[in-house]
Amino acid sequence: MGTKQYILSPKEAYEAAQKWRVVKRSVDARQRELRVHLTILTDEEGNPITLSPSLSQGEGEKLYDPPVYQDVHKAKREAVIIGCGPAGLFAALTLIEHGIKPIIYERGKEVSDRKKDIALLNRNEGLNPESNYCFGEGGAGTFSDGKLFSRSKKRGNMQRVMEIFHYFGAPDTVLYEAHAHIGSDKLPGIIRKMRECILEHGGEIHFETKIESLTQITNSPIILAIGHSAHDTYRMLAAEGVAIETKGFAMGVRAEHPQALINRLFYHLSPNLSQGEKAKLIEYVGNASYSLVTQVTGRGVYSFCMCPGGHIVPAGSAEGMCVVNGMSASHRNSPYANSGMVVQINPEDIPGDDPLRGLEFQEKLERLAFEQAHNSQFPIPNSQFSTAPAQRLRDFVEGRASKDLPACSYLPGIVPSRLDEWLPTHIGKRLQQGFMDFDRKYRGFLTNEAVIVGVESRSSSPVRIIRDPETLQSVSTPCLYPCGEGAGYAGGITSSALDGINAALKISELA
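### Comments concerning the nonpolar core
Core analysis: the largest hydrophobic core is formed by 67 residues, its most contacted members being Met341, Leu431, Phe435 and Phe445. Residues within four places of Leu431 in sequence aside, it is in contact with Gly252, Val253, Val301, Met341, Val342, Val343, Phe396 and Leu423. In this structure, Ile104, Ile182, Leu187 and Leu498 belong to the second largest nonpolar core, which totals 46 residues.

### Comments concerning helix H9 (residues 357-374)
In a regular helix each residue adds 1.5 Å, so 18 residues correspond to 26 Å; H9 covers 26 Å between its end C-alpha atoms and thus fits that length. Those residues of H9 that sit buried are Arg357, Gly358, Leu359, Phe361, Gln362, Glu363, Leu365, Glu366, Ala369, Phe370 and Ala373.

### With respect to the pairing of strand E5 (residues 101-105)
Counting buried residues in E5 gives four out of five residues, a clear majority hidden from the surface. With five bridges joining them, strand E4 (residues 78-82) and E5 adopt parallel strand pairing. Within E5, the position partnered with Ile81 by the bridge is Ile104. Tracing the backbone out of E4, into helix H2 (residues 86-97) and back to the parallel element E5 gives a crossover that is right-handed. Of the strand pairs in this sheet, E5 and strand E6 (residues 204-206) are connected by three bridges, and their pairing is parallel. Note on E6: the bridge partner recorded for Ile104 is Ile205.

### Thoughts on the sheet that holds strand E1 (residues 2-8)
Pairing between sheet strands relies on hydrogen bonds along the backbone, with the strands arranged either parallel or antiparallel. Strand order in the open sheet formed by three strands is E1-E3-E2, and the pairing between neighbours is antiparallel. Edge strands, defined here as strands with exactly one partner in the open sheet, are E1 and strand E2 (22-28). Strand-to-strand twist of the sheet, defined as the mean angle between neighbouring strand axes without regard to direction, takes the value 15°. As defined by bridge partners, E1 adjoins strand E3 (residues 35-42) across seven bridges and the pair is classed as antiparallel. Bridge pairing in E3 places Ile7 opposite His37. In the packing of helix H1 (residues 10-19) onto the sheet, the strands contacted are E1, E2 and E3, and the crossing angle to E3 comes to about 25°.

### Looking at the pairing of E2
Of the strand pairs in this sheet, E2 and E3 are connected by six bridges, and their pairing is antiparallel. For Arg25, the partnering residue across the bridge sits in E3 and is Leu38.

### Description of the sheet that holds strand E15 (residues 388-392)
On the basis of which strands lie adjacent, the open sheet formed by seven strands has the order E10-E11-E14-E9-E17-E15-E16 and mixed pairing. Edge strands, defined here as strands with exactly one partner in the open sheet, are strand E10 (293-296) and strand E16 (414-416). If you compare each strand with its neighbour and ignore which way they point, the axes differ by 30° on average. Contacting strand E9 (249-258) and strand E14 (336-345), helix H7 (residues 259-266) crosses the sheet at an angle of about 100° to E9.

### A few points about the state of the cysteines
Using the criterion set out here, one finds zero disulfides in the structure. Cysteine Cys84 remains unbridged, with the sulfur of Cys483 as its closest cysteine sulfur at 12 Å. The structure places no disulfide on Cys305, whose sulfur is separated from the nearest cysteine sulfur, that of Cys307, by 4.1 Å.

### Thoughts on the side chain of Arg299
As for its placement among the helices and strands, Arg299 is situated in strand E11 (residues 299-307). Its relative accessible area of 14% is what places Arg299 among the buried residues. If we skip the residues at most four places from it in the chain, Arg299 touches Thr294, Val343, Gln344, Asn346, Glu348, Asp349 and Arg430.

### A closer look at the packing of aromatic side chains
The full count for this structure, using the stated rule, is twelve aromatic pairs. When the ring of Tyr6 is compared with that of Trp20, the centres are 5.5 Å apart and the planes differ by 35°; the resulting orientation is tilted. Of this pair, Tyr6 sits in strand E1 while Trp20 is found in the loop between H1 and E2, placing the two residues 14 residues apart along the sequence. Looking at Trp20, the relative accessible area reads 18%, which means it is buried. Ring geometry for Phe438 and Phe445: centres 6.3 Å apart, planes at 90°, overall edge-to-face. The exposure class of Phe445 is buried, given its relative accessible area of 0%.

### A word on the pattern of salt bridges
One pass over the full model with this rule turns up 31 salt bridges. The partner of Lys109 in a salt bridge is Asp117, and the shortest N-O contact between them spans 3.0 Å. Just as Lys109 is buried, Asp117 falls in that class too. Two residues, Glu363 and Arg235, come together in a salt bridge whose shortest N-O distance is 2.9 Å. Taken as a pair, Glu363 in helix H9 and Arg235 in helix H6 (residues 231-239) lie far apart in primary sequence, 128 residues in all. One connected set of salt bridges, linked through shared partners, spans Arg107, Glu130, Lys210 and Asp232.

Cut-offs and rules
Residues numbered from 1 in each chain as written. Predicted model: local features only at pLDDT ≥ 70, side-chain atom pairs only at ≥ 80, totals over all residues. Heavy atoms only, no water. Core = buried A, V, L, I, M, F, W, Y, C linked by side-chain atoms within 4.5 Å. Buried < 20%, exposed > 50% of the residue type's maximum accessible area, 1.4 Å probe, protein only. Contact = heavy atoms within 4.5 Å. Helix = DSSP H or I, 4+ residues; strand = E, 2+ residues; numbered from the N terminus. Expected span 1.5 Å × (residues − 1). Pairing = 2+ DSSP bridges. Right-handed = clockwise from strand over helix to strand, strands pointing away. Axes fitted to C-alpha atoms, helices over the stretch in contact; angles between N-to-C directions. Disulfide = S-S within 2.5 Å. Phe/Tyr/Trp six-rings, centres within 6.5 Å; stacked < 30°, edge-to-face > 60°. Salt bridge = Lys/Arg side-chain N within 4 Å of Asp/Glu carboxyl O.

Spelled out as structure tokens, the structure:
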């Protein structure tokens, strides 16, 4: 078999995907006329391989070898995993493939109970510090979009991560979309199937169990997959002498536009198109997304975790702090488009030499955002937890108060706030310039139809748990394998999953 590449109109690509086996698909919006790059599987004579009417892209003749999981109920070897996010789950599945029993400890709840706590948070009725958008089965990505795209150039088979997601129920599109997406409505079910597989084959998972000291675990290698928001665990590790250093990270706001505006700007839609023609185009290629980056006085300003047809969500994990993130359901069909807009922060930008100083900086800004929301001149009645400060985008850039705010997807509610005044200067001023730079390329991006909501502060970990690049073990603590976003070695679901796989493979080599 081989492949053949095509550059097609959206309609042609949509129709081709209904009859041919697609290997890769990406939307090219760089030119004035939208095009879709499609790679099709072909037979030995170069003819496209067709789907039978009863089969989807991932069925019939398999495009990958399914994983083979061993029975580890009575396995002689065990490994402890702290954290049940993508790094922890994929590490556990890999250990089972190699006949090693995984024992997972997760501070949060299993995914169904976690969903109930998130519903309370969205209704502004309470925050469970151990069960929220950050903590619980599946990790932070479970309820914050489920994007499987990664810029990581990490060593390993990223496609294998996609195949395992597909094996556990992800749609066929994860096998070939350039920017694959599952959706926060679908990902919990996939995570549940992974858990059932781990338990069925003899692994253990202990929910609502927080490891408060590494001395609780003896005689087992430990995969540390704690996620980027486990601030208390970072402090515990530092106190116990685990080698940690400050690393670069990013902070800023979440910007939300009407999705129709983003479609017009980034798909270069003609104003002469009828509503019906626009709707048909979106059916073919989906709502538009974007990836924006510029440099302002020596620091990157860029979009992060862009969610077309999505919602802004409350992503804090402690009371008295305001953190926002974004998510999209599988259909990506809300009328809003949101994205993190963040500024690069280097270790030298924060005074001192404490390896946890980046974490302290994060928390200080999150507390300030909470105070600004709850000391507003326009408070939301009976709001105690998740109200967020916001400002119209052009008002923010031009330095004036927003007298009112546009409709917003953020369910707990937003209140007017002078983010242009209280954001740290090295963040706020760079964001203002960054938005002007983006508007020069996409005229109309800088508009008061858009709103910014604060703060987007958990785009990455401000801490790295230092490990040996060959053994993947902590340089200070033998048999401790830091991995994923929380260890500072990944930046999303797929790269975290791959890092968990690599840690598990290193353990499997120590027979």
